[in-house]
Amino acid sequence: MDIRWLGHSAFTLTDGSTTVLVDPFLTGNPKAPVSAEEVEADVILLTHGHGDHYGDVVDVAQRTGATVLAVAEIAGELEGLGVENTIGPNIGGTVAFDWGWVKMVPAWHTSTTPNGTVTVPGGLLIHIGDKLVYHLGDTALFSDLQLIGRRGNRVDVALVPIGGFFTMDRFDAVTAVELVQPFQVIPCHYDTFPPIETDAQAFKADVEHAGFAEVIVLEPGATHTVR
Ligand code: NI
Ligand code: MN
């Protein structure tokens, strides 16, 4: 299973046949290695409604025909904007696909779409290619993170925001990794814009010296293969 970082919180996950695109903020993302016109997707997942996550969801969904999974209120908005296939669970809900499943879990943040729909944010547990990936979305550190990885399989890879200001910073993120207990971590939501510049290598050193997980610092556009 391959995880490709598209900069900021955007990733594609693929098992070789299905491509899952998460938080497709490409237009206006200075780190994006692909454009909204060329990115591939069979399914698009949104953690929440902020513009730096919602991004190009409408354009990419309409071009590719991808199904979009987002919290109920955002799915409803997208339907109204002409996105043909939407799935709108709520926090705690699991959606089964023929390639795996997606579960929406809590995140501590806010969530208003660029069109003004107000709703709650989430994180996403994504089971694909027999691997479990946890995209934390935008969140502060909170103690219930320990519950998310406790039920069912251990998280193989956690995608963790470390940039601070809008989310937890790299220090709180170390404790988040301790709570989630994943095997591997890919940091995200940093160095896109000045307010969220941080030292990803220092985060990696802190997590690994504590023995919490292996940290893979990717360059935007790079791919990590989970074995
Ligand atoms: Ni946000
Ligand atoms: Mn964000």
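Residues numbered from 1 in each chain as written. Chains lettered and ligands numbered in written order. Predicted model: local features only at pLDDT ≥ 70, side-chain atom pairs only at ≥ 80, totals over all residues. Heavy atoms only, no water.

What follows concerns the overall build of the protein chain. For the protein chain, the count of helices and strands is six helices and 14 strands. Rg of the C-alpha trace for the protein chain: 16 Å, near the compact-globule value of 17 Å for 227 residues, within the 12% margin. Principal-axis analysis of the C-alpha atoms places the extent of the protein chain at approximately 50 × 40 × 30 Å. Across the 227 residues in the protein chain, those meeting the buried criterion constitute 55%. Residue pairs at least 24 apart in sequence account for 61% of intrachain contacts in the protein chain once pairs closer than 6 positions are excluded. Surface exposure of the protein chain reaches about 9200 Å², of which carbon and sulfur atoms provide 47%. (Helix = DSSP H or I, 4+ residues; strand = E, 2+ residues; numbered from the N terminus. Rg over C-alpha atoms; globule rule 2.2 N^0.38 Å. Buried < 20%, exposed > 50% of the residue type's maximum accessible area, 1.4 Å probe, protein only. Contact = heavy atoms within 4.5 Å. Areas by Shrake-Rupley, 256 points an atom, 1.4 Å probe, with all protein chains shown as cover.)

Here we take up the nonpolar core. Ile 3 and Ile 126 are the most contacted members of the largest nonpolar core, which totals 73 residues. Sort the elements by how many residues they give to this core and helix H5 (residues 170-180) lands first, with five residues. What Ile 126 contacts, discounting residues up to four positions off in sequence, is Leu 13, Val 22, Leu 45, Trp 99, Trp 101, Val 102, Lys 131, Leu 132 and Val 133. (Core = buried A, V, L, I, M, F, W, Y, C linked by side-chain atoms within 4.5 Å.)

Right, let's talk about the coordination of the nickel ion (ligand 1) for a bit. In this structure, His 48 (NE2), His 50 (ND1), His 109 (NE2) and Asp 138 (OD) serve as the protein donors to the nickel ion (ligand 1), at separations of 2.2 Å. For the nickel ion (ligand 1), all donor residues lie on one chain, and their spacing in sequence is H-x1-H-x58-H-x28-D. In this structure, the nickel ion (ligand 1) lies 3.2 Å from the manganese ion (ligand 2), and both are coordinated by Asp 138. Here His 48 is found in the loop between strand S4 (43-45) and helix H1 (51-54), whereas its partner His 109 is found in the loop between strand S8 (100-106) and strand S9 (122-128), with 61 residues between them in sequence. Its relative accessible area of 0% is what places His 48 among the buried residues. (Donors = N, O, S within 2.8 Å, 3.2 Å for Na, K, Ca; no water.)

A word on the pattern of salt bridges. Scanning all chains against the criterion turns up two salt bridges. The partner of Asp 206 in a salt bridge is Arg 170, with the nearest N and O atoms 3.3 Å apart. Pair noted here: Asp 206 is in helix H6 (residues 200-210) and Arg 170 is in helix H5, with a separation of 36 residues, a long-range link. Asp 206 gets classed as partly exposed once you look at its relative accessible area, which sits at 32%. The closest approach of N and O atoms between Glu 208 and Lys 204, which form a salt bridge, is 3.1 Å. Placement of both Glu 208 and Lys 204 in helix H6 is noted, with a separation of four residues, approximately one turn of the helix. Judged by relative accessible area, which is 30%, Glu 208 ranks as partly exposed. (Salt bridge = Lys/Arg side-chain N within 4 Å of Asp/Glu carboxyl O.)

This next bit is on the coordination of the manganese ion (ligand 2). Protein coordination at the manganese ion (ligand 2) comes from Asp 52 (OD), His 53 (NE2), Asp 138 (OD) and His 189 (NE2), with a distance range of 2.1 to 2.2 Å. Going along the chain, you hit the donors of the manganese ion (ligand 2) in the pattern D-H-x84-D-x50-H.

On their own, these measurements won't tell you what the molecule is for.
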